[in-house]
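Results of the structural survey
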Amino acid sequence: MRLLMLGDVVGRSGRDAITAKLPALIDSARIDFVIINGENSAGGFGITEDITTALVDAGADAITTGNHAFDQREALVFAARQERFLRPANFPPGTPGRGAGMFTARNGARVLVVNVMGRVFMDALDDPFAAIERELAAAPLGEAADAVIIDFHAEATSEKQAFAHFVDGRASLVVGTHTHVPTSDYRILPGGTAYQSDVGMCGDFEGVLGMEKDEPVRRFLTKLPSGRFTPALGPATLCGLAVEIDDNTGLAAAVAPLRLGGVLSETVPPFWG
Ligand SMILES: [Fe+2]
Ligand SMILES: [Fe+2]
């Protein structure tokens, strides 16, 4: 099975790059399953129901989020009816929506997607390690799920790596999101789980984390907010991670980054041919 994870979509620039490039990519690379982190897709803060639908129409099989999941208040309502929308599984009980979902890939495989959030340098949340234990117990890889994908939305690379080792061999992929900058440590862990500390973003890299750079620079200089954060509107780089999953074991057989457009150097997974 061939899978593509795309990092945090930031604003119109990121959305436009996805609608322009993703459908053709799915066809040409014969991608069976696509996950997109959409937590910054609505003006940099949260996601609307219209954007959720647009990302699904462009090819997203699951949409993960993070600390910005509910920045757009309408998400509190549509989280219940948009079954491809996920928010972190370790939000407190009673939070609207779901932290995990079982989806059918284009090749018929059953794919469990879990969204979890870290706690180091982040808002206090329930234990992400306990949360993933519960989700994996409910649908173990190789039994109830043919593939298990975990978006670990976190700040600290130490927490991301520790989490990945904790589930190594029990998931097809653990991929970090939230920091918006792709790391070069993508690899397959000893137990067979593909891993990357951060997949990067789908946004304009000439800004600061996808936002127009003037206001962030000002805030570091003066500490006085003098304006709003708005998404940078230059051409986005699509940042993603491609994984070949062994159909027999559900573990990773190959992993490589994808970067298309914008100002970062382009790279296409060699096994996409
Ligand atoms: Fe983000
Ligand atoms: Fe985030």
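Every residue gets a number counted from 1 within its own chain, in the order that chain's sequence is written. Here the convention is simple: chains get letters from A, ligands get numbers from 1, in the order in which they are written. In view of the model being predicted, local features appear only for residues whose pLDDT reaches at least 70, and side-chain atom pairs are presented and counted only at 80 or more, with totals across whole chains, interfaces and linings using the full set of residues. Computation of side-chain values covers all heavy atoms of the structure but excludes hydrogens and water.

1. Quick notes on the coordination of the iron ion (ligand 1)
Formally: Sodium, potassium and calcium take a 3.2 Å donor cutoff, other metals 2.8 Å, and in both cases only N, O and S atoms count; water is not among them, so sites may look incomplete. Here the metal geometry follows the donor angles, with tetrahedral for four donors whose angles all fall between 85 and 135 degrees, square planar for four and octahedral for six when opposite donors are more than 155 degrees apart and every other angle is between 65 and 115, and irregular for all the rest. Runs of H or I in DSSP of at least four residues are treated as helices and runs of E of at least two as strands, each being numbered from the N terminus. Only protein chains enter the calculation, and the probe is 1.4 Å; a residue is then buried if its accessible area is under 20% of its type maximum, exposed if over 50%, and partly exposed in between.
Distances from the iron ion (ligand 1) to its protein donors, Asp8 (OD), Glu39 (OE), Asn40 (OD1) and His180 (NE2), fall at 2.1 to 2.2 Å. Around the iron ion (ligand 1) sit four donor atoms, and with donor-metal-donor angles ranging over 86 to 169 degrees the site reads as irregular. When the donors of the iron ion (ligand 1) are listed by position in the chain, the intervening gaps give D-x30-E-N-x139-H. The metal-metal distance between the iron ion (ligand 1) and the iron ion (ligand 2) comes to 3.5 Å, with glutamate 39 coordinating both. With asparagine 40 in the loop between β3 (33-37) and α2 (49-58) and histidine 180 in the loop between β8 (173-177) and β9 (187-188), the pair connects residues that are 140 residues apart, well separated along the chain. The pair asparagine 40 / histidine 180 is uniform in exposure class, with both members buried.

2. Some points on a nonpolar patch on the surface
Formally: Residues with no salt bridge and a relative accessible area higher than 30% make up the patches, which join like charges within 9 Å and nonpolar side chains (Val, Leu, Ile, Met, Phe, Trp, Tyr) within 5 Å. Here the accessible surface of atoms and residues is derived via Shrake-Rupley with a 1.4 Å probe, and residues count as covered only by protein chains that are part of the display. Just to be clear on terms, a salt bridge is a Lys or Arg side-chain nitrogen sitting within 4 Å of an Asp or Glu carboxyl oxygen.
A grouping of Val181, Val208, Leu209, Val217 and Leu221 is seen on the molecular surface, where their side chains present a nonpolar patch of about 440 Å² in accessible area. Mapped onto the secondary structure, valine 217 falls in helix α6 (residues 214-222). Classification of valine 217 as partly exposed rests on a relative accessible area of 44%.

3. What about α2?
What counts is decided by this rule: The term polar contact refers here to a pair of N or O atoms within 3.5 Å; inside protein, the definition further demands a hydrogen-donor-capable atom paired with an acceptor-capable atom, and it admits residues adjacent in sequence only when both atoms are side-chain atoms.
For α2, the full list of buried residues reads Glu49, Ile51, Thr52, Leu55 and Ala58. Among the residues of α2, the N-terminal cap falls to threonine 48, whose side-chain oxygen and the backbone nitrogen of isoleucine 51 are separated by 3.1 Å. Count one or two residues on from α2 and you reach glycine 59, which has phi positive near 130 degrees.

4. Here's the deal with the packing of helix α4 (residues 128-138) against helix α5 (residues 157-167)
For clarity, the threshold we go by: The convention used is that axes are lines fitted to C-alpha atoms, helices contributing only their stretch in contact, and that angles between N-to-C directions extend from 0 to 180 degrees. We call two directions roughly parallel when the angle between them is under 35 degrees, roughly antiparallel when it is over 145, roughly perpendicular when it lies between 65 and 115, and oblique otherwise. Working rule for handedness: look at the near helix, and if it is turned counterclockwise from the far one by less than a right angle, call the crossing left-handed; if clockwise, right-handed. A contact between two residues is defined here by any heavy atoms of the two lying within 4.5 Å. We call Asp, Glu, Lys and Arg charged. Ala, Val, Leu, Ile, Met, Phe, Trp, Tyr, Cys and Pro are nonpolar, and the rest, Gly among them, are polar.
Packing of α4 against α5 brings their axes to within 11 Å, and their N-to-C directions diverge by 30 degrees. For the element pair α4 / α5, the angle class is roughly parallel. Relative to α5, α4 is oriented so that their crossing is right-handed. Packed against α4, whose contacting residues are Pro128, Phe129, Ile132, Glu133 and Leu136, the element α5 presents Glu159, Ala162, Phe163, Phe166 and Val167 at the interface. Residue classes in the contact of α4 with α5 are distributed as eight nonpolar, no polar and two charged.

5. Considering the sheet that holds strand β4 (residues 62-64)
Using the following cut-off: DSSP calls a pair of strands paired once it identifies at least 2 bridges connecting them.
In spatial order, the strands read β4-β3-β1-β12-β13; together these five strands make up an open sheet with mixed pairing. Only two strands of the sheet have a single neighbouring strand rather than two, namely β4 and β13 (252-260). Here the average twist between neighbouring strands, direction ignored, is 20 degrees. Here strand β1 (residues 2-6) runs beside β3; their pairing, made up of four bridges, is parallel. Pairing of methionine 5 across the sheet is with isoleucine 35, part of β3.

6. Considerations on the coordination of the iron ion (ligand 2)
Metal coordination angles have textbook ideals: 109.5 degrees for a tetrahedral set of four donors and 90 or 180 degrees for an octahedral set of six. Protein coordination at the iron ion (ligand 2): the donors are Glu39 (OE), Asn67 (OD1), His153 (NE2) and His178 (ND1), at 2.1 to 2.2 Å from the metal. Each of the four donor atoms bound to the iron ion (ligand 2) contributes to angles spanning 86 to 144 degrees, and the resulting shape is irregular. Linear spacing of the donor residues for the iron ion (ligand 2) on their chain is E-x27-N-x85-H-x24-H. Assessed through its relative accessible area of 1%, glutamate 39 is described here as buried. Overall, asparagine 67 belongs to the partly exposed group, its relative accessible area being 30%.

7. What to know about the nonpolar core
Filter applied, for reference: The definition of a nonpolar core used throughout is a set of buried Ala, Val, Leu, Ile, Met, Phe, Trp, Tyr and Cys residues joined through side-chain atoms within 4.5 Å.
Membership of the largest hydrophobic core comes to 36 residues, with the highest contact counts inside it found for Leu4, Leu6, Ile18, Leu22, Ile36, Leu55 and Trp272. Take this core: its biggest share by element is five residues, from helix α1 (residues 11-28). With residues up to four places along the chain from it excluded, the contact list for leucine 55 reads Ile18, Ile36, Ile47, Ala60 and Ile63.

8. Comments concerning α5
Operational definition: For this quantity, the arc is that covered by the directions from the helix axis to the C-beta atoms.
The set of residues buried in α5 consists of Glu159, Lys160, Phe163, Ala164 and Val167. Buried residues along α5 cover an arc of 135 degrees about the axis, so they all sit on one side. Once α5 finishes, glycine 169 follows within two positions and takes phi at roughly 90 degrees, a positive value.

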